[in-house]
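# Examining the three-dimensional arrangement
Here is what each chain is made of, one letter per residue.
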Number of protein chains: 2
Amino acid sequence: MMNSADAELIRPGARRGGRRPGDSGTREAVLEAARRQFSQLGYDRTTMRSVATEAGVDQKLVGYFFGSKHALFVAATRLPFDPAGSMSGVLGGDPSGTGKRLARLIVGLLEDPVASSRIIGLVRAAAAESRAARMVCDLLTREIWRPAAAEVPSERPALAVSLVATQVLGLVMARYVIRAEPLASQPPEAVVDLMAPLLQMVLVSGHTQP
Amino acid sequence: MMNSADAELIRPGARRGGRRPGDSGTREAVLEAARRQFSQLGYDRTTMRSVATEAGVDQKLVGYFFGSKHALFVAATRLPFDPAGSMSGVLGGDPSGTGKRLARLIVGLLEDPVASSRIIGLVRAAAAESRAARMVCDLLTREIWRPAAAEVPSERPALAVSLVATQVLGLVMARYVIRAEPLASQPPEAVVDLMAPLLQMVLVSGHTQP
């Protein structure tokens, strides 16, 4: 909800006929505009101003809601997969294959152009700014880590999930951001084979038992 | 070496009496000023301009040498440990303890305020910009990965070293940047115990054999 002082931030006569104070659609309109621009123009060419213009609100309102472009990016990002559905696919079935199924899921997402640009974008935003890092942490905790911890067959499931996150973040940074060789030029199936035993260790093999 | 067009970039009458074209100390003077400012003022308050002023050169020359603040930061960063000495300490001794010794070294560096600010700074710079990412990759390849690969008892030592890098980058991102819980609040010795079997697996246990 906005207070009355925020009403001035809504530009009179802007697109969509201007948004009223307390209009619950305002924040969503900003996020929609941000999503479209980040995906079509890319991160660098999208600005707080260009998003505000498309959403028909004052730039200050975007700042009021989100604080920075990194934070707006994180808020606008939708996870490129359904965590609940993916989880049951990974954790169902033979426990000795869990690491391999999770490695296939992760590498599959990172080799898909749309999904990987969102995931790598989140990692970059988190690394750039502590506010965005907190938002990424909140997003991943809420959408992936907490639901996953409820399903993971470990005595310390939340810790096991943190260690899976460590593996994914390390893979993103080493293979896709820094491009460490020879990892960066391995074919995807080889990366699955490299990651599977590490994921099996942290998720299933009692690695995090006290 | 600079060409003659670069000579104009050196500000006449600047500190140290101005630097001459081809002065091999110019680049080093910029790096020295950058090192001092990044460590004493922090990343945000250090600018290409403030570094140029302290080094007594035109800001354009700093741009010519380094391209961006991220890249200047990477070039100015000295690794906070001696890779060769550290490596022999880790790889010497009982092979069954290699993962633990490496985990102690890595966590020790990341828990040390000076060393960790340099390591986390490199990771942040790499995530922020592809040019800085390439420079971080070159730095790590030259200073750590290539010498380490010569010593690692694996059939595919370079790949094993890439996977160690994956573990370190993941730990930096998950524990120190995104601060994923409960990993972020584990005591250092617990993190050593969590990382040791992962490092043992990638470095010693035949994980990367074809």
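Fair warning: this is a prediction, and the values are worked out from it, not measured in the lab. (Residues numbered from 1 in each chain as written. Chains lettered and ligands numbered in written order. Predicted model: local features only at pLDDT ≥ 70, side-chain atom pairs only at ≥ 80, totals over all residues. Heavy atoms only, no water.)

## Examining the overall build of chain A
Per the secondary structure count, chain A includes 10 helices and 0 strands. Taken from N to C terminus, the helices and strands of chain A fall in the order α-α-α-α-α-α-α-α-α-α. Evaluated residue by residue, chain A yields a buried proportion of 50% over its 210 residues. Partitioning the intrachain contacts of chain A with sequence separation of at least 6 by distance along the chain shows that 63% fall at a separation of at least 24. With an accessible surface of roughly 9,500 Å², chain A has 53% of that area assigned to carbon and sulfur atoms. (Helix = DSSP H or I, 4+ residues; strand = E, 2+ residues; numbered from the N terminus. Buried < 20%, exposed > 50% of the residue type's maximum accessible area, 1.4 Å probe, protein only. Contact = heavy atoms within 4.5 Å. Areas by Shrake-Rupley, 256 points an atom, 1.4 Å probe, with all protein chains shown as cover.)

## Overview of the packing of helix H9 (residues 157–177) of chain B against helix H10 (residues 188–203) of chain B
Residue and element names in this part refer to chain B. Relative to each other, H9 and H10 sit at 155°, their axes nearing to 9 Å. Looking at the two axes, H9 sits roughly antiparallel to H10. At the point where H9 passes H10, the crossing takes the right-handed sense. Across from Ala 160, Leu 163, Val 164, Gln 167, Leu 171 and Arg 175 in H9, the residues of H10 making contact are Pro 188, Val 191, Met 195, Leu 198, Leu 199, Val 202 and Leu 203. Of the residues that constitute the contact of H9 with H10, the class distribution is 11 nonpolar, 1 polar and 1 charged. (Axes fitted to C-alpha atoms, helices over the stretch in contact; angles between N-to-C directions. Parallel < 35°, antiparallel > 145°, perpendicular 65-115°, else oblique. Left-handed = near helix turned anticlockwise from the far one by under 90°. Nonpolar A, V, L, I, M, F, W, Y, C, P; charged D, E, K, R; others polar.)

## Focus: the confidence of the model for chain A
All names here are of chain A. On average, chain A scores 84 in pLDDT, and the residues at 70 or more come to 87%. Within chain A, no element has a lower average pLDDT than helix H5 (residues 83–91), which sits at 84, and none a higher one than helix H10 (residues 188–203), at 95. Segment residues 1–21 is flagged for pLDDT under 50; beyond a separation of four residues in sequence, or across chains, it makes 37 contacts in the model. Taken together, the chains of this predicted complex give a pTM of 0.81 and an interface ipTM of 0.81. (pLDDT = per-residue confidence, 0-100.)

## Details of the interface of chain B and chain A
Residue-level contacts link 38 residues of chain B with 38 residues of chain A. Contact between chain B and chain A buries roughly 3,200 Å² in total, counting both sides, with carbon and sulfur atoms accounting for 76%. It is B:Ala127, B:Ile178 and B:Leu194 that lose the most area in chain B upon contact with chain A, and together they represent 17% of the buried surface on that side. Our enumeration of links across chain B and chain A arrives at 7 residue pairs in polar contact (both at pLDDT 80 or more). Those elements giving two or more residues to the side of chain B that touches chain A turn out to be helix H7 (113–128), helix H8 (130–149), H9 and H10 of chain B. No other element matches the 12 residues that H9(B) contributes to the side of chain B that touches chain A. Residues of the side of chain B that touches chain A, tallied by class, amount to 25 nonpolar, 7 polar and 6 charged. (Buried area = accessible area lost by both parts, 1.4 Å probe. Polar contact = N/O pair within 3.5 Å; in protein donor to acceptor, adjacent residues only side chain to side chain.)

## Remarks on the layout of surface pockets
Considered as a void within the structure, the largest pocket measures approximately 870 Å³ in volume. For the largest pocket, the lining is made up of 31 residues, of which A:Tyr43, A:Phe73, A:Ser117, A:Gly121 and A:Arg124 are closest to its centre. Of all elements in the fold, only helix H1 (25–41), helix H4 (69–76), helix H7 (113–128) and helix H9 (157–177) of chain A together with H7 and H8 of chain B reach the threshold of two or more residues within the lining of the largest pocket. Of all the elements, H7(A) adds the most residues to the lining of the largest pocket, at 8 residues. (1 Å grid on protein atoms, 1.4 Å probe; cavity = no way out; pocket = protein on both sides within 12 Å on 5 of 7 lines; lining within 4 Å. Points joined across faces, edges and corners; volume = space filled by probe spheres on them.)

## Looking at the relation of the copies chain B and chain A
The relation between the two copies of this chain is a rotation about an axis and a shift parallel to it. For the pair chain B and chain A, the best superposition has an RMSD of 0.1 Å and corresponds to a rotation of 180° with a translation of 0.0 Å parallel to the axis. Both copies of the chain, as the preceding transformation shows, are related through a two-fold rotation axis. Relative to the rotation axis, the C-alpha of B:Gly170 is the closest in chain B, positioned 1.7 Å from it. Looking at chain B, 100% of its interface residues are interface residues in chain A too, so the copies touch through the same face. (Least-squares fit on C-alpha atoms with pLDDT ≥ 70 in both.)

## Topic: the side chain of A:Gln167
Within the element layout of this structure, A:Gln167 appears in helix H9. The contact partners of A:Gln167, leaving out residues within four places of it in the chain, are A:Met195, A:Leu198, A:Leu199, B:Thr166, B:Gln167 and B:Leu198.

## Re the nonpolar core
Counting 144 residues, the largest nonpolar core has A:Leu72 and B:Leu72 as its most contacted members. Non-local contacts of A:Leu72, meaning those with residues more than four positions away in its chain, are made with A:Val30, A:Leu31, A:Ala34, A:Phe38, A:Met48, A:Val51, A:Val62 and A:Phe66. (Core = buried A, V, L, I, M, F, W, Y, C linked by side-chain atoms within 4.5 Å.)

## Let's talk about helix H1 (residues 25–41) of chain B
Given 3.6 residues per helical turn, the α-helix brings residues three or four places apart onto the same face. Taking 1.5 Å as the rise per residue, H1(B) with 17 residues should run 24 Å; its terminal C-alpha atoms sit 23 Å apart, in good agreement. B:Gly42 lies just past H1(B) and shows a positive phi near 90°. (Expected span 1.5 Å × (residues − 1).)

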